[in-house]
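# Summary of structural features
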Amino acid sequence: MNFPSIHDPELTLLTPDDDVADPEVTILVPSLNEELTIGTFVDWCREGIAASGAAVEILIVDSSTDRTPEIARDRGARVLRTPKRGLGRAYIDAIPFVRGKFIIMGDADCTYDFRQIAPFIEAFREGADFVMGSRFKGSIEDNAMPPLHRYFGTPLTTWILNRMFASRFSDIHCGMRGISVDALLRMDLRSQGWEYASEMVLKSVHMELPTTEVPIHFLKDPDGRLSHMKRRGWMEPWRAGWRNLQAMFVYGFDFFLIWPGFLLLALGLIIMLPLLAGPMSIAGVRFSSNAMLFAMALAVLGQSMLVSAAIGRVIFDYSGRVQPRFERLLPYNATIWGTVVAVLAGVLLAFPLFDSYVESGYVLPEIGVETNWAVFGLWLITTAFQIFISGLMIRALGVMLPIKKPAPPLAG
């Protein structure tokens, strides 16, 4: 993982006079030109810290051109000055500077009530590695969320993610969330912008992190503040939503492959196998070699989807169990010999058609049962090579992918 160094010349850390020693928790929040709210936000954090009784540092990751960093530092926060290069990147830049074992994230615009951080800290101490805030389980102030987000966008995308991953989140876009530093390091976030939020949720599912939700209070923007979404125009919520969906499709692509792949493979075999005996009619509909070719295409597409899904499962496995499982399913020597047998069987099934072709003066004979046998033989040969190559790729991934072990603690 190529995280920035604490000696990165592009990053500058400002520390307050009353800096916290040996914090258990880090409140980690990016900011961009938030001088209207940053003072109140840091005060809220300090109220929440006092109520929790925990040792907590406040780390603001700032790319502002106004007085935000000075105000934050004067109120008692650490401030990491970074170039302006995306919300997700702000969290990535900050990781080497985090001193706590746990992180609570959010926004510096006073829409999330950081006076209520005790439930997050309690969840961490009870064993959770990932703690999602939920606005729907807590409260949403009038006019805090646009109706499009509250009643359509967030519920829909949350439903999609829960269906894809069998998870039980109620609010996947809530910006107030917590994660252990160990889990965040193993997560290896890559997203540079808004989509980091979906990447974090999706990877938490892949990693099988101990996860819980806590109710939070969501407040409307303070008077005089215009949200970053509104500053970028009416299209920005749609762009952010699409980027989040893209993250779901990327990190959950096997969801779109497994069941459709099984269905197509099964349908192809159901059509092909009876046709090995020759053309047949069902309810007055005749099935012959054309149906056989169509069925072979379905079966090949289905098994290709399943092979791709298997490779995806290995890529996104953090448990270390999936790749050995596939290796046991496809033992190397048995897979090689199975491939050889399947290819020979395919050649033997195709031989009668080839023999007829030679005997007829290299002219294809009338379509008969030999054609169906040849089509099935070609499917066997294709399947054999797909299984053999996928077995090799899965073993290669086991060698090439980094082992996702718990990371060593960061230096203070």
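Residues numbered from 1 in each chain as written. Predicted model: local features only at pLDDT ≥ 70, side-chain atom pairs only at ≥ 80, totals over all residues. Heavy atoms only, no water.

### Things to note about empty space enclosed by the protein
Note the threshold: Points on a 1 Å grid, built from protein atoms alone, make a cavity when a 1.4 Å probe fits but cannot get out and make a pocket when they are open with protein on both sides within 12 Å along at least 5 of 7 lines; residues with an atom within 4 Å of a point are the lining residues. Grid points are joined across faces, edges and corners, and a volume is the space filled by probe spheres set on the points. Put simply, DSSP H or I for four residues or longer makes a helix, DSSP E for two residues or longer makes a strand, and each gets a number counted from the N terminus. Basically, the charged four are Asp, Glu, Lys and Arg, the nonpolar ten are Ala, Val, Leu, Ile, Met, Phe, Trp, Tyr, Cys and Pro, and anything else, Gly included, counts as polar.
Counted by the stated rule, this structure contains one cavity of 30 Å³ or more. What the largest cavity holds in volume is close to 30 Å³. As for the largest cavity, its lining consists of Tyr 332, Thr 335, Phe 388, Gly 391, Leu 392 and Arg 395. Looking at the lining of the largest cavity, the elements with two or more residues in it are α13 (332-359) and α14 (369-400). A total of four residues in the lining of the largest cavity trace back to one element, the largest contributor, which is α14. For the lining of the largest cavity, the class distribution of residues is three nonpolar, two polar and one charged.

### Some details on the UniProt feature "domain: Glycosyltransferase 2-like" (unreviewed entry) in the protein chain
Stated precisely, the cut-off is as follows: UniProt positions are given in the numbering used here, feature names are shortened, and annotations may be inferred rather than shown by experiment.
Per the UniProt entry, the sites bearing "domain: Glycosyltransferase 2-like" (unreviewed entry) are residues 26-184 in this numbering. For residues 26-184, helix accounts for 38% and strand for 23%, while the C-alpha atoms at its two ends are 13 Å apart.

### Side note on the side chain of Asp 129
Note the threshold: Exposure classes here rest on a 1.4 Å probe applied to the protein chains alone. A residue is buried below 20% of its type maximum, exposed above 50%, and partly exposed in between. When charges are counted, Lys and Arg contribute as positive and Asp and Glu as negative, whereas His and the chain ends are disregarded. Counted as salt bridges are all cases of a side-chain nitrogen of Lys or Arg within 4 Å of a carboxyl oxygen of Asp or Glu. In protein, a polar contact means a hydrogen-donor-capable atom and an acceptor-capable atom, both N or O and within 3.5 Å, with residues adjacent in sequence counting only if both atoms are side-chain atoms; elsewhere, any N or O pair within 3.5 Å suffices. Two residues form a contact once any of their heavy atoms are found within 4.5 Å.
Note that Asp 129 resides in the loop between α4 (118-125) and β6 (130-140). Buried charge without a salt bridge: Asp 129, with Arg 186 as the nearest opposite-charge side chain at an N-O distance of 4.6 Å. One polar contact links Asp 129 to Ser 180, side chain to side chain, over a distance of 2.8 Å. Among residues more than four places away in sequence, those in contact with Asp 129 are Phe 124, Gly 178, Ile 179, Ser 180, Ala 183, Leu 209 and Pro 210.

### Focus: unusual backbone geometry
The backbone of Ala 166 shows a phi angle near 55°, a positive value even though the residue is not glycine. Along the chain, Ala 166 turns up in the loop between α5 (147-165) and β7 (177-180). Not every positive phi belongs to a glycine, and Glu 208 is a case in point at roughly 55°. Inspection of the secondary structure puts Glu 208 in the loop between α7 (196-206) and β8 (211-218).

### Things to note about the packing of aromatic side chains
Just so we agree on the cut-off: The criterion for an aromatic pair is that two Phe, Tyr or Trp rings (for Trp, the six-membered ring) have centres within 6.5 Å, with stacked assigned to planes under 30 degrees apart, edge-to-face to planes over 60 apart and tilted to the rest.
Within this structure, the stated rule accounts for seven aromatic pairs. With centroids separated by 5.0 Å and ring planes inclined at 40°, the aromatic side chains of Tyr 91 and Tyr 196 adopt a geometry described as tilted. Pair noted here: Tyr 91 is in helix α3 (residues 87-94) and Tyr 196 is in helix α7, with a separation of 105 residues, a long-range link. Taken individually, Tyr 91 and Tyr 196 each receive the classification buried, so the pair is uniform in this respect. When the centroid spacing of 5.4 Å and the interplanar angle of 40° are considered together, the rings of Phe 376 and Trp 379 count as tilted. Taken together, the residues span about one helical turn, with Phe 376 and Trp 379 both in helix α14 at a distance of three residues. Trp 379 matches Phe 376 in its accessibility class, with the two residues each being buried.

### Concerning the UniProt feature "transmembrane region" (unreviewed entry) in the protein chain
UniProt records the feature "transmembrane region" (unreviewed entry) for residues 249-273, 293-316, 336-354 and 374-394 in the present numbering. The distance separating the terminal C-alpha atoms of residues 249-273 is 34 Å; by composition the span is 76% helix and 0% strand. Secondary structure within residues 336-354 divides into 100% helix and 0% strand; the distance between the first and last C-alpha atoms comes to 26 Å.

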